[in-house]
Protein chains: 4
Amino acid sequence: MTVAQPASDVFERLESEVRSYCRGWPAVFDRANGSRLYDENDRPYLDFFSGAGALNYGHNNPVLKRALLDYLERDGVAHALDMSTAAKRTFLETFQDTVLAPRDLPYKVMFPGPAGTNAVEAALKLARKVKGREAVVFFTNAFHGMSLGSLAVTGNAFKRAGAGIPLVHATPMPYDERPDGREPGFLWFERLLASEGSGLDTPAAVIVETVQGEGGINVARAEWLRGLADLCRRRDMLLIVDDIQMGCGRTGAFFSFEEAGITPDIVTLAKSVSGYGLPMALTLFRPELDIWEPGEHNGTFRGFNPAFVTATAALEEYWRDGRLEKQTLARGDQVEQALLAVAADRPGPAPDVRGRGLAWGMEFADPSRATAVCARAFELGLLLETSGPEDQVAKLFPPLTIGDEELEEGLALFGRAVRETERPPRSADRS
Amino acid sequence: MTVAQPASDVFERLESEVRSYCRGWPAVFDRANGSRLYDENDRPYLDFFSGAGALNYGHNNPVLKRALLDYLERDGVAHALDMSTAAKRTFLETFQDTVLAPRDLPYKVMFPGPAGTNAVEAALKLARKVKGREAVVFFTNAFHGMSLGSLAVTGNAFKRAGAGIPLVHATPMPYDERPDGREPGFLWFERLLASEGSGLDTPAAVIVETVQGEGGINVARAEWLRGLADLCRRRDMLLIVDDIQMGCGRTGAFFSFEEAGITPDIVTLAKSVSGYGLPMALTLFRPELDIWEPGEHNGTFRGFNPAFVTATAALEEYWRDGRLEKQTLARGDQVEQALLAVAADRPGPAPDVRGRGLAWGMEFADPSRATAVCARAFELGLLLETSGPEDQVAKLFPPLTIGDEELEEGLALFGRAVRETERPPRSADRS
Amino acid sequence: MTVAQPASDVFERLESEVRSYCRGWPAVFDRANGSRLYDENDRPYLDFFSGAGALNYGHNNPVLKRALLDYLERDGVAHALDMSTAAKRTFLETFQDTVLAPRDLPYKVMFPGPAGTNAVEAALKLARKVKGREAVVFFTNAFHGMSLGSLAVTGNAFKRAGAGIPLVHATPMPYDERPDGREPGFLWFERLLASEGSGLDTPAAVIVETVQGEGGINVARAEWLRGLADLCRRRDMLLIVDDIQMGCGRTGAFFSFEEAGITPDIVTLAKSVSGYGLPMALTLFRPELDIWEPGEHNGTFRGFNPAFVTATAALEEYWRDGRLEKQTLARGDQVEQALLAVAADRPGPAPDVRGRGLAWGMEFADPSRATAVCARAFELGLLLETSGPEDQVAKLFPPLTIGDEELEEGLALFGRAVRETERPPRSADRS
Amino acid sequence: MTVAQPASDVFERLESEVRSYCRGWPAVFDRANGSRLYDENDRPYLDFFSGAGALNYGHNNPVLKRALLDYLERDGVAHALDMSTAAKRTFLETFQDTVLAPRDLPYKVMFPGPAGTNAVEAALKLARKVKGREAVVFFTNAFHGMSLGSLAVTGNAFKRAGAGIPLVHATPMPYDERPDGREPGFLWFERLLASEGSGLDTPAAVIVETVQGEGGINVARAEWLRGLADLCRRRDMLLIVDDIQMGCGRTGAFFSFEEAGITPDIVTLAKSVSGYGLPMALTLFRPELDIWEPGEHNGTFRGFNPAFVTATAALEEYWRDGRLEKQTLARGDQVEQALLAVAADRPGPAPDVRGRGLAWGMEFADPSRATAVCARAFELGLLLETSGPEDQVAKLFPPLTIGDEELEEGLALFGRAVRETERPPRSADRS
């Protein structure tokens, strides 16, 4: 099969070298629908990537599309900073009714700007302002964004180096490790907090992902999250759950932390919150933390009303009842079984399979293998990304709304990509 | 006249106290068209604010709307990270043809994320990476954004305090002052750079707005900008022009720095670049600065294709020829004459009138006056904001596409708001 | 017994509240000799504190005193910045002959200023300059000094808070813990260094005390120090041993790291290096690290020649042969036996006894007990300090030159102070 | 004349490359007395450097020497941390009687460690603690020390680069410039403080030298200092005068700020405070600022009692009456006349002559000239240093106790050094 070459190289001539996904997927995409993207030669690709979690409801979801077109056609206000609008009111009411109230979550809602990193910046600013302290704790392999505040709590050394200044006021701690492992629970973190001589300045907050999507699909156990919430409470630190990638149903429930039964002090949402890939982000926090002064944090694109419209439609369609959540959990089991079969089937050491809901990863002993698997998958018409500090994990992120057959098809293609990237055993390996 | 009260107080109950514009404009807006917004009671407001510069082509511009609806209807890919898409290619080619090539600008184009502050963060990161230095110089009353990197180069003390950490690696310098004034040119800045004993670490870059939109409509003279560009060249500092608010034709030309005949090393664009209020931002830089590694800066909403579509439509409609630029300059003269007349007509010290293109401000001796003027204007059906560190400036920012009659109407309402906020002379004033 | 009251309260009226030792020891000292201090009423105190390690050879050691008086009487140059002087040359040659050469240590010698914290500042500056990185790792309960660079690598929260700015570029790691314990070796540190996603920026250096004198007389095992040296080598970090308190024979050998058989890249010395309590400090480093430019670090009191004279006399007297080292180790055993006997003899949980050479600590389960023991010891005529983040450790630091009978006397007084601070069992305890 | 070569090169082999003064003065000094140093060949050098201000009363001043020998001989306690001692009490009482009380200065006295940089670190820590702010303002060409806190408020780019980390929380402002000049008074500084949009975070303190000794003998006018004190009062910033080099009578009065009639909030002293070149420093502050907790700042060599003894002797000898002050002012006039004569006598542009008391500088148009003058002076037997960011100033710093004939002799040698370093006019210069 021949990969379609871009008809023009304006991307290479004009776009910065910083571009990245386009290098692994050398196609020019044109249209999209549900779980499929089409390049300009109309070649279809099955999407097991979902915009890094921004397209949980699939591409151009027809329900959301209808709402969006209606709004645009009738000249609903498009851009409104943080003015009050009818679209925002409807969104707030729907978010309250379908998300917050049923879960007894007391949060105030802040529109911090359109991107996830804006939501994280706002969360960190608020936490520091509330506690009057600078220090924040994050976890190894965390990813929280590219602006300076978010980057300082991101683990990836390559991304960090891009800052051009030393990143400070942030200390990494070990992410959840298994009790069979070498470090149970919060041994080190708790000890640092307990001692007046530890050298760790008391943090204003701890920021955590329940599943590290960029860091390698590392899954924190519910008991670890509960332990963390308890530690934060005991040590007067705010708990920030960054649910940008794992929220909006990716792990089953609307919020990924629901399974653990915790109530974070601050939550960030973005990616799939608008449901249609429209830039929109939220920072949620307990009402007693809402000590912002009017305008103390602002930004031009906080009031992107078409996103409120699609966000509302998505909540109405998918979160009035528990069907999507149940379906996601069921499909998660399906994916897990398939991946375990793929893993078991291979010669050599079995890759590690892990995930929650519809966020799954397969980690290979040879880190370069994951990249090879994704490249082969692309040739086979399946979009798949790597994850982890060494890109050692193949990440499976299908839309939550994917059809059963599409899911089976994608898993089959994935299995084939794994098989077809096996290196033939070298003679040296046999001796 | 009675101001329509919001039908519900979900905003007060649920939205964070950080909300701001909605406080000065106590209406719930629903739809918009050209230069007018309508609240849910269908009351029209003439918009002299233009989304803080994000709506230079007016609300829901019909040409852009048509392109946007067509794209959405045919299921053009909506969200695509930094994958290559047909919509992005068309945008890049059009940007090259209508903006860069005619101006002999050699820039590479980076999509840094959807908001202006993302563009500034990327610019600062790149400048520091290129020069291997941390220090950056900014100017008093500058506004560059709310994430930590951008906030450190923003002047406003209230916004800075929101950071919750000390903002470092950035030093303020005096913004352009008139030669009749007390500090000519770059006396202090140049002296600091010239001395090995000054205590100013050599900056990687200088970031500047040609007109400070948030800082009080402070207008830098072309010769000052040329002097700054020369200083940067002589002292090996990169010149970053933040054209987020003043670019896309606000001052007449597409880039606000064209009038000065300079070529900045890095340029940031956002707000009106999509033309329709859709979140989109660009960071432009000389090709030799493009030392980014693939993926070194990333973000979920860098590839918001509907914004590429409207951005392309706006370039085709308004920047294939010089008509919009000419019209903006002509209308600028019109605004200036009207404002000078308003200023001259009043008793007491004449307010200061200043601006370029269709960015104008009137600064009152009594800072609270500007707020009063805006409040009265709202009652009269005119949306108008304050600017400056003490909100002492009334800021006039009509859409560039405003009709002649609308412009006259708005200016008349503004004059009335000024007149009707005059305090009657107190007896104490007479004695 | 009545404690002599100060004859005047000029200390309270005029000296800052920051004064500290004088509060626990409410006497006005006047003269001193060997292991004894005398207050102005000529009451003697046996010194088990030794100027926090600055008086390893006792007070006003007669051999050093003679050399000092001779030098001063003949108008030897007293103050000379970093000019070459005969006294400095003699010191350098003697240091080379008695300390560096016999141990095959290749160090260059820097005079960084008179205090220990100056030596640490110079060490950190040099390490960062050599490696071109900002980050430094230190250990929980470390103490390295009070100027900003040193304070940032000091664990004590109370001292850190005195900085008035956030202390950055430094990350704490767990100090040596026993393998029976919960964290073997460098598990966490090594893992952070090994991962590209850990969020720990690669450190320029690691700074460590072999025994933490202020942090609670915590003793690192030789194998842990060897492991640390190996880790530094493998991960391209410089190893700085801060031997300010434990060097100059306190643990037996001249350098406290000799026992572990390691050669740090940088070593700091101060306190007892002059031998007479005269302010003097050294920073030693491998010659290939000596990339300082002339004058890049300076200071007024780097060339305090009387200190060079006493330092030379001390080296000649005590370090030409191995007698002092042997004697210190033997007396260390003696102290250990005595302390274990004291600890075993008591009802309730036995306090922890630990130390090396003549640096010993007894940690009490009830932290306030250590303060009570020191207060009672003072009443009994024995000077003794607490140590540790909660002042929970009684610290025994007799001069290395203490006489046998004095040592026995002091240990007996200590035992008595421990006994006499036992709380009588409360009836509540019995129930 | 042949310069004596060091008899050994242990300095080159063993001492770090950071050594500096010894390079310009290639002799090995052995003894010293009054205004003269002698190398080991007994060659005398007239000292116009005075240990950079640490030897205001000359080398080995006989009155101080007697007190020091008496104290050492009778085994006065040498080292005592911050314990109360008879020697410290006498010093405090004498300092109160001879310095503070006669000048109505209300200061508390802190012993921050032995070096000037320790005094500055303590001053900055206290100011930040009192005000709860991080920012500090310093002045171009300032020199305050080499530890990180002090270095951040030091102007010299070469010294700053030695930090190895970005130096933050400190902003430079223009040092006093003449009203004929281009920047009157505090124009820029005051404007930054006045505006809420300036980007300068409100400083906790301003740190200033009344005469910049290392920065080029730059002399602040009394009215400028008064203006600065007033600005600090009006803007709620603490005023720190670093009197380490200019205090202890160097400019005439005991404190250099007395002439201006101001009372700084915090004052640092070191260098000549012990009078004999013994390491000793003080931080003085208004009693209401004394919010230190016991032990919040500490250090091993805060209680160097022999320095208290010589400091007391110096106060008794020189500061019970006004004779030394008058003599210094008179000799200052004498130096000024001599320097003006030297300057006027030369062909080409006259060097700038400036100073106060016995701190004088001559700045040459050709920066390398000052180094040549000092080198020639050394050959002639006169010790003289350069100053200023480009070493462009020859600095004259004789002991205050210098004899009349010695002063004349030194000035004559200086004049000769200036003459003998004149470049013969080149033919190119004539054309």
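Remember, it's a predicted structure, so these values are computed and weren't measured experimentally.

1. Considerations on the overall build of chain A
And then number 1: Helices and strands together make up the secondary structure of chain A, namely 15 helices and 17 strands.
And then number 2: Judged by the C-alpha coordinates and their principal axes, chain A covers about 65 × 60 × 45 Å.
And then number 3: Split into buried and exposed, the 431 residues of chain A put 67% on the buried side.
And then number 4: Excluding contacts between residues fewer than 6 apart, the proportion of contacts in chain A whose partners are at least 24 apart in sequence is 73%.
And then number 5: Each charge class in chain A was averaged separately, 47 positive and 61 negative side chains, and the resulting centres sit 1 Å apart.

2. As for the interface of chain A and chain B
Where the parts come together, the accessible area they lose is often given as the size of the interface.
And then number 1: Each partner contributes to the interface: chain A provides 106 residues, whereas chain B provides 106 residues.
And then number 2: The interface formed by chain A and chain B includes ten salt bridges.
And then number 3: Here Glu 40 of chain A ties to Arg 89 of chain B by a salt bridge, and the two come within 2.4 Å at their closest N and O atoms.
And then number 4: Across the chain A-chain B interface, the total number found is 48 residue pairs in polar contact (both at pLDDT 80 or more).
And then number 5: Among the elements that make up the side of chain A that touches chain B, the one with the highest residue count is helix H5 (residues 86–100) of chain A (seven residues).
And then number 6: For the side of chain A that touches chain B, a count of residues per class yields 53 nonpolar, 24 polar and 29 charged.

3. Some points on the relation of the copies chain A and chain B
And then number 1: Aligned on chain B, chain A shows an RMSD of 0.0 Å; the corresponding rotation is 180° and the shift along the axis is 0.0 Å. The transformation relating the two chain copies, once decomposed into turn and shift, fits a two-fold axis. Minimal C-alpha separation from the rotation axis in chain A is found for Leu 148 of chain A, amounting to 2.7 Å.
And then number 2: Comparing interface residues between copies, 100% of those in chain A also lie at the interface in chain B; the contact surface is shared.

4. Describing the sheet that holds strand E1 (residues 29–33) of chain D
Residues and elements named next belong to chain D.
And then number 1: Taken in spatial order, the four strands make up an open sheet running E1-E2-E3-E15, and their pairing is mixed. One side of each edge strand has no neighbouring strand; the edge strands of this open sheet are E1 and strand E15 (382–383).
And then number 2: Bridge analysis of strand E2 (residues 36–39) against strand E3 (residues 44–47) gives three bridges, and the strand direction is antiparallel. By the bridge assignment, Arg 36 is partnered in E3 with Leu 46.

5. As for the sheet that holds strand E2 (residues 36–39) of chain B
And then number 1: One open sheet accounts for four strands, arranged E1-E2-E3-E15 (chain B); its pairing is mixed. A single partner strand is all that each edge strand has here, and the edge strands are strand E1 (29–33) and strand E15 (382–383) of chain B.

6. Re the packing of helix H12 (residues 323–345) of chain D against helix H14 (residues 404–419) of chain D
Residue and element names in this part refer to chain D.
And then number 1: Where H12 meets H14, the closest approach of the two axes is 10 Å, and the angle between their N-to-C directions is 20°. Classified by the interaxial angle, the pair formed by H12 and H14 is roughly parallel. For the crossing formed where H12 meets H14, the hand is right-handed. Every residue of H14 that contacts H12 at Arg 331, Gln 334, Val 335, Ala 338, Leu 339 and Val 342 is listed here: Asp 404, Leu 407, Glu 408, Leu 411, Phe 414, Gly 415 and Val 418.
And then number 2: Among the residues forming the contact of H12 with H14, the class breakdown is eight nonpolar, two polar and three charged.

7. Quick word on helix H12 (residues 323–345) of chain C
All names here are of chain C.
And then number 1: With 23 residues, H12 should reach 33 Å at 1.5 Å per residue; the first-to-last C-alpha distance of 33 Å fits that figure.
And then number 2: Along H12, the residues that are buried comprise Leu 324, Thr 328, Arg 331, Gly 332, Val 335, Leu 339, Val 342 and Ala 343.
And then number 3: As for H12, its buried residues are in contact with helix H11 (305–318), strand E13 (352–356), strand E14 (359–363), strand E17 (393–396) and helix H14 (404–419).

8. Quick notes on the side chain of Thr 386 of chain B
Residue and element names in this part refer to chain B.
And then number 1: For Thr 386, the position within the fold is in strand E16 (residues 385–387).
And then number 2: Taking relative accessible area as the criterion, Thr 386 reaches 15% and is therefore assigned buried.
And then number 3: A polar contact is formed between the side chain of Thr 386 and the side chain of Glu 385, at a distance of 3.3 Å.
And then number 4: Reaching out from Thr 386, the side chain makes a polar contact with the side chain of Asp 391 at a distance of 3.4 Å.

9. Here we look at the pattern of salt bridges
And then number 1: A complete count under the given rule lists 147 salt bridges over all chains for this structure.
And then number 2: Across the pair Asp 352 of chain C and Arg 354 of chain C runs a salt bridge, and its minimum N-O distance is 2.7 Å.
And then number 3: Across the pair Arg 376 of chain C and Glu 379 of chain C runs a salt bridge whose closest N-O atoms are separated by 2.6 Å. Here the residue Arg 376 of chain C and the residue Glu 379 of chain C both occupy positions in helix H13 (residues 367–379), the gap between them amounting to three residues, near one helical turn.
And then number 4: The partly exposed category is assigned to Glu 379 of chain C, whose relative accessible area is 33%.
And then number 5: Through salt bridges with shared partners, one network takes in Glu 17, Arg 19 and Arg 23 of chain A together with Lys 108 and Asp 290 of chain B.

10. Focus: helix H12 (residues 323–344) of chain B
And then number 1: Spanning 22 residues, H12 of chain B covers 32 Å between terminal C-alpha atoms, matching the ideal 32 Å at 1.5 Å per step.
And then number 2: The elements touched by buried residues of H12 of chain B are helix H11 (305–318), strand E13 (352–356), strand E14 (359–363), strand E17 (393–396) and helix H14 (404–419) of chain B.

11. Remarks on the packing of aromatic side chains
And then number 1: Evaluated as defined, the whole model comprises 74 aromatic pairs over all chains.
And then number 2: Relative to Tyr 45 of chain B, the ring of Phe 29 of chain B has its centre 5.3 Å away and its plane inclined at 70°; by these criteria the two rings are edge-to-face. Of this pair, Phe 29 of chain B sits in strand E1 while Tyr 45 of chain B sits in strand E3 (residues 44–47), placing them 16 residues apart in sequence.
And then number 3: Residue class for Phe 29 of chain B comes out buried when judged on its relative accessible area of 1%.
And then number 4: The buried category is assigned to Tyr 45 of chain B, whose relative accessible area is 0%.
And then number 5: Relative to Trp 319 of chain D, the ring of Phe 254 of chain D has its centre 5.1 Å away and its plane inclined at 90°; by these criteria the two rings are edge-to-face.

12. A closer look at the domain arrangement of chain A
Residues and elements named next belong to chain A.
And then number 1: According to the domain assignment, chain A consists of domain 1 (9–60 + 322–423) and domain 2 (76–318).
And then number 2: Put simply, the middle of domain 1 and the middle of domain 2, counted by C-alpha atoms, are 25 Å apart.
And then number 3: Summing the contributions of domain 1 and of domain 2, the shared interface buries around 2500 Å²; its carbon and sulfur component is 49%.
And then number 4: The interface formed by domain 1 and domain 2 contains two salt bridges.
And then number 5: Among the ionic pairs, Glu 259 bridges to Arg 356, the shortest N-O distance being 3.2 Å.
And then number 6: Summed over the shared surface of domain 1 and domain 2, the result is 21 residue pairs in polar contact (both at pLDDT 80 or more).
And then number 7: Those elements that provide at least two residues to the side of domain 1 that touches domain 2 are helix H3 (50–53), helix H12 (323–345), strand E13 (352–356), strand E14 (359–363) and strand E17 (393–396).

13. A few points about the packing of helix H13 (residues 367–379) of chain D against H14 of chain D
All names here are of chain D.
And then number 1: Their axes nearest at 8 Å, the elements H13 and H14 cross at an angle of 125°. With respect to each other, H13 and H14 are oriented oblique. At the point where H13 passes H14, the crossing takes the right-handed sense. Within the contact between the two elements, H13 uses Arg 369, Val 373, Arg 376 and Ala 377 and H14 uses Phe 414, Arg 416, Ala 417 and Val 418.
And then number 2: Looking at the contact of H13 with H14, its residues break down into five nonpolar, no polar and three charged.

14. Quick notes on the pairing of E2 of chain D
Residue and element names in this part refer to chain D.
And then number 1: Residues Arg 36 and Tyr 38 point to one face of E2 and Leu 37 and Asp 39 to the other, with burial holding for every one of them.
And then number 2: With four bridges joining them, E1 and E2 adopt antiparallel strand pairing. Looking at the pairing, Arg 31 lines up with Tyr 38 of E2.
And then number 3: In sequence, E1 turns back onto E2 through a hairpin of two residues, with Gly 34 there showing a positive phi of about 55°.
And then number 4: Where E2 folds back on E3, the antiparallel hairpin that results is connected by four residues, among which Asp 42 adopts a positive phi of roughly 65°.

15. Considering unusual backbone geometry
And then number 1: Even without being glycine, Ala 52 of chain A reaches a positive phi, approximately 55°.
And then number 2: Along the chain, Ala 52 of chain A turns up in helix H3.
And then number 3: The class for Ala 52 of chain A is buried, based on a relative accessible area of 2%.
And then number 4: In this model, Leu 81 of chain B sits at a positive phi of 40°, which is unusual for a non-glycine residue.
And then number 5: Mapped onto the elements, Leu 81 of chain B comes out in the loop between helix H4 (62–73) and helix H5 (86–100).
And then number 6: With relative accessibility at 3%, the residue Leu 81 of chain B sits in the buried group.

Cut-offs and rules
Residues numbered from 1 in each chain as written. Chains lettered and ligands numbered in written order. Predicted model: local features only at pLDDT ≥ 70, side-chain atom pairs only at ≥ 80, totals over all residues. Heavy atoms only, no water. Helix = DSSP H or I, 4+ residues; strand = E, 2+ residues; numbered from the N terminus. Buried < 20%, exposed > 50% of the residue type's maximum accessible area, 1.4 Å probe, protein only. Contact = heavy atoms within 4.5 Å. Lys, Arg positive; Asp, Glu negative; His and termini not counted. Charge placed at Lys NZ, Arg CZ, Asp CG, Glu CD. Salt bridge = Lys/Arg side-chain N within 4 Å of Asp/Glu carboxyl O. Polar contact = N/O pair within 3.5 Å; in protein donor to acceptor, adjacent residues only side chain to side chain. Nonpolar A, V, L, I, M, F, W, Y, C, P; charged D, E, K, R; others polar. Least-squares fit on C-alpha atoms with pLDDT ≥ 70 in both. Pairing = 2+ DSSP bridges. Axes fitted to C-alpha atoms, helices over the stretch in contact; angles between N-to-C directions. Parallel < 35°, antiparallel > 145°, perpendicular 65-115°, else oblique. Left-handed = near helix turned anticlockwise from the far one by under 90°. Expected span 1.5 Å × (residues − 1). Phe/Tyr/Trp six-rings, centres within 6.5 Å; stacked < 30°, edge-to-face > 60°. Domains from an automatic or database assignment. Buried area = accessible area lost by both parts, 1.4 Å probe.

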